[in-house]
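Next come the chains, spelled out residue by residue.
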Amino acid sequence: MHDKPDETVGTLIEEFLTARATRKPSPHTLAAYRRDLTTVAELVAADGDASPLHLSVSALSPKVMRAAFARFAAPRAAASVHRAWSTWNSFFTFLVAEGVVPGNPMPAVGRPRTPLPRPKPLRGEDTPEELLAAVARAEGRQRDPWPERDLAVLALALCAGLRLSELLALRVSSVAGRDGERRVDVTGKGGRPRTVPIEDGVDRVLVGYLDSRRYRFGSRSVRPDSPLLVDRRGEALLRGGLQYLVESCYRRAGIGDRVPRGARLHALRHTFATRLAEDGASAAEIMRLLGHASLASSQTYIEVTAGQQRAAVAANRTNRALSGLTPPR
């Protein structure tokens, strides 16, 4: 049982965030938790004299939380409201487990249903192949071309479906297994581990990249515990550097107009999943390979593929000819 059942909301938020940190969320996720908690707390405090973080947790009744979320929801998209609701639900679940409050008021607070985001793969049937071919060629315009490294990044995203954070977390030892059974060991969202098989082509790309890295920085640079992806100085790639690298690959390949807005590196992961679905993979197989927490996320790729198939059938000229031979229903 928690020894201070009437602590302030600010103190309890810090305790909650400390507890969540053991799950190794990204800094962006922790910042979003803090923002959602403090923003709604400010709306609760607007009706009283206490500052948001000096509120007593006992003041957070179902009625108060419903009113605060009604005001929170008014200017915001459904997805933002849904995320904040989930954050507060996790916060109260933590408080119940700690014995701070007797129950969680959030089930009494309505939340919008949000449709799952639609996949955003690269546009164009042969775009992935064009991208890989262009990046494999070293261009004189680059100050310090390193096509082996750039190709390795694209291969892992396009042929293993890794997220940006997963790519950055890879170690040299993450690529393992015997010949014919090579794999990448990945730490996904929420620290969930998964294994993604890689084919011989990807393996050869990674071997070539590590060989080029030994040439640049020496054998000590590819120790098993070293970051798998590094910048041109041999230091671990960071988020901004990886995003810039992928953007530059798009520019060099001349396919910037085929990359969906708002899905730069993620478009490669979506392309991986969409092609899996097109080639007959089940939602369960896609779920395991992409590390989705729910089958519904993986099912969206199957649905998109079905829609594309129907559009292709509709484009058949014979169908249009038939429509002119029969009266409309």
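Residues numbered from 1 in each chain as written. Predicted model: local features only at pLDDT ≥ 70, side-chain atom pairs only at ≥ 80, totals over all residues. Heavy atoms only, no water.

Draft legend 1. Quick peek at the overall build of the protein chain. A count of helices and strands for the protein chain gives 13 helices and three strands. Restricting the contact set of the protein chain to residue pairs at least 6 apart, pairs at least 24 apart contribute 61%. As displayed, the protein chain has an accessible area near 18400 Å², and 54% of this comes from carbon and sulfur atoms. (Helix = DSSP H or I, 4+ residues; strand = E, 2+ residues; numbered from the N terminus. Contact = heavy atoms within 4.5 Å. Areas by Shrake-Rupley, 256 points an atom, 1.4 Å probe, with all protein chains shown as cover.)

Draft legend 2. Region of interest: the sheet that holds strand β2 (residues 183–187). The strand order β1-β2-β3 describes an open sheet built from three strands, whose pairing is antiparallel. Unpaired on one side and paired on the other, β1 (175–176) and β3 (193–197) mark the two borders of the sheet. (Pairing = 2+ DSSP bridges.)

Draft legend 3. Seen up close, helix α2 (residues 27–45). Along its 19 residues, α2 runs 27 Å from first to last C-alpha, staying within 8% of the 27 Å computed at 1.5 Å per residue. Of the residues making up α2, those classed as buried are Ala32, Tyr33, Asp36, Leu37, Thr39, Val40, Ala41, Val44 and Ala45. Contacts made by the buried residues of α2 are with α1 (9–21), α3 (62–73) and α4 (78–97). (Expected span 1.5 Å × (residues − 1). Buried < 20%, exposed > 50% of the residue type's maximum accessible area, 1.4 Å probe, protein only.)

Draft legend 4. Fine view of the pairing of β2. Where burial is concerned, the two faces of β2 differ: the one with Val184 and Val186 is buried and the one with Arg183, Asp185 and Thr187 is not. Pairing analysis gives two bridges linking β1 to β2, with the strands arranged antiparallel. Directly across from Val175, in β2, lies its bridge partner Val184. Remark: six residues form the turn of the hairpin made by β1 and β2, two consecutive strands paired antiparallel; Gly177 in that turn has positive phi of roughly 105°. Bridge count for β2 against β3 is five bridges, and the pairing is antiparallel. Bridging across to β3, Thr187 finds its partner in Pro193. Between β2 and β3, which pair antiparallel and follow one another directly, the connecting turn spans five residues, one of which, Gly190, has a positive phi of 65°.

Draft legend 5. Region of interest: the nonpolar core. The biggest cluster of nonpolar side chains holds 44 residues, and the ones touching the most others in it are Leu131, Leu228, Tyr250 and Leu268. At the level of elements, α5 (127–136), α6 (147–160), α7 (164–169), β2, α8 (200–217), α9 (239–253) and α10 (266–278) are the ones that each hand at least two residues to this core. Considering each element in turn, this core owes the most residues, eight residues, to α6. Apart from the residues within four sequence positions on either side, Leu268 is in contact with Leu122, Leu131, Leu154, Ala157, Leu158, Val246 and Tyr250. Listed in part, the 30 residues of the second largest apolar core include Val40, Met65, Val81 and Trp85. (Core = buried A, V, L, I, M, F, W, Y, C linked by side-chain atoms within 4.5 Å.)

Draft legend 6. Inspection of the packing of α10 against helix α11 (residues 283–290) at higher detail. Where α10 meets α11, the closest approach of the two axes is 10 Å, and the angle between their N-to-C directions is 155°. On the basis of their axis angle, the class for α10 and α11 is roughly antiparallel. Note that α10 runs across α11; the crossing there is right-handed. Seen from α10, the contacting residues are Arg269, Phe272, Ala273, Leu276 and Ala277; seen from α11, they are Ile286, Leu289 and Leu290. Classifying every residue of the contact of α10 with α11 gives seven nonpolar, no polar and one charged. (Axes fitted to C-alpha atoms, helices over the stretch in contact; angles between N-to-C directions. Parallel < 35°, antiparallel > 145°, perpendicular 65-115°, else oblique. Left-handed = near helix turned anticlockwise from the far one by under 90°. Nonpolar A, V, L, I, M, F, W, Y, C, P; charged D, E, K, R; others polar.)

Draft legend 7. Spotlight on the environment of Thr274. Within the secondary structure layout, Thr274 lies in helix α10. Residue Thr274 is classed as buried on the basis of its relative accessible area, which comes to 4%. C-alpha of Thr274 to C-alpha of Pro121: the two residues are 153 residues apart in sequence and 7.0 Å apart in space. Reaching out from Thr274, the side chain makes a polar contact with the backbone oxygen of His270 at a distance of 2.8 Å. (Polar contact = N/O pair within 3.5 Å; in protein donor to acceptor, adjacent residues only side chain to side chain.)

Draft legend 8. Layout of the side chain of Arg163. Of note, Arg163 is situated in the loop between α6 and α7. Residue class for Arg163 comes out buried when judged on its relative accessible area of 8%. In terms of polar contacts, Arg163 uses its side chain to reach the side chain of Glu166, at 2.5 Å.

Draft legend 9. Geometry of the pattern of salt bridges. Throughout the structure, instances matching the rule amount to 17 salt bridges. One salt bridge connects Arg34 with Glu14, and the closest N-O pair in it is separated by 2.5 Å. Of the two residues, Arg34 sits in helix α2 while Glu14 sits in helix α1, which places them 20 residues apart along the sequence. According to the relative accessible area criterion, Arg34 is partly exposed, its value standing at 36%. For Glu14, a relative accessible area of 39% puts it in the partly exposed group. Beyond isolated ion pairs, a larger network of salt bridges with shared partners links Arg149, Asp150 and Arg252. (Salt bridge = Lys/Arg side-chain N within 4 Å of Asp/Glu carboxyl O.)

Draft legend 10. The arrangement of the packing of α1 against α2 in detail. Relative orientation of the contacting elements α1 and α2 amounts to 160°, with a least axis distance of 11 Å. Between α1 and α2, the interaxial angle falls into the category roughly antiparallel. Remark: the crossing between α1 and α2 carries right-handed chirality. From α1, Val9, Ile13, Glu14, Phe16, Leu17 and Arg20 reach across to α2, where they touch Leu30, Tyr33, Arg34, Leu37, Thr38 and Ala41. For the contact of α1 with α2, the class distribution of residues is eight nonpolar, one polar and three charged.

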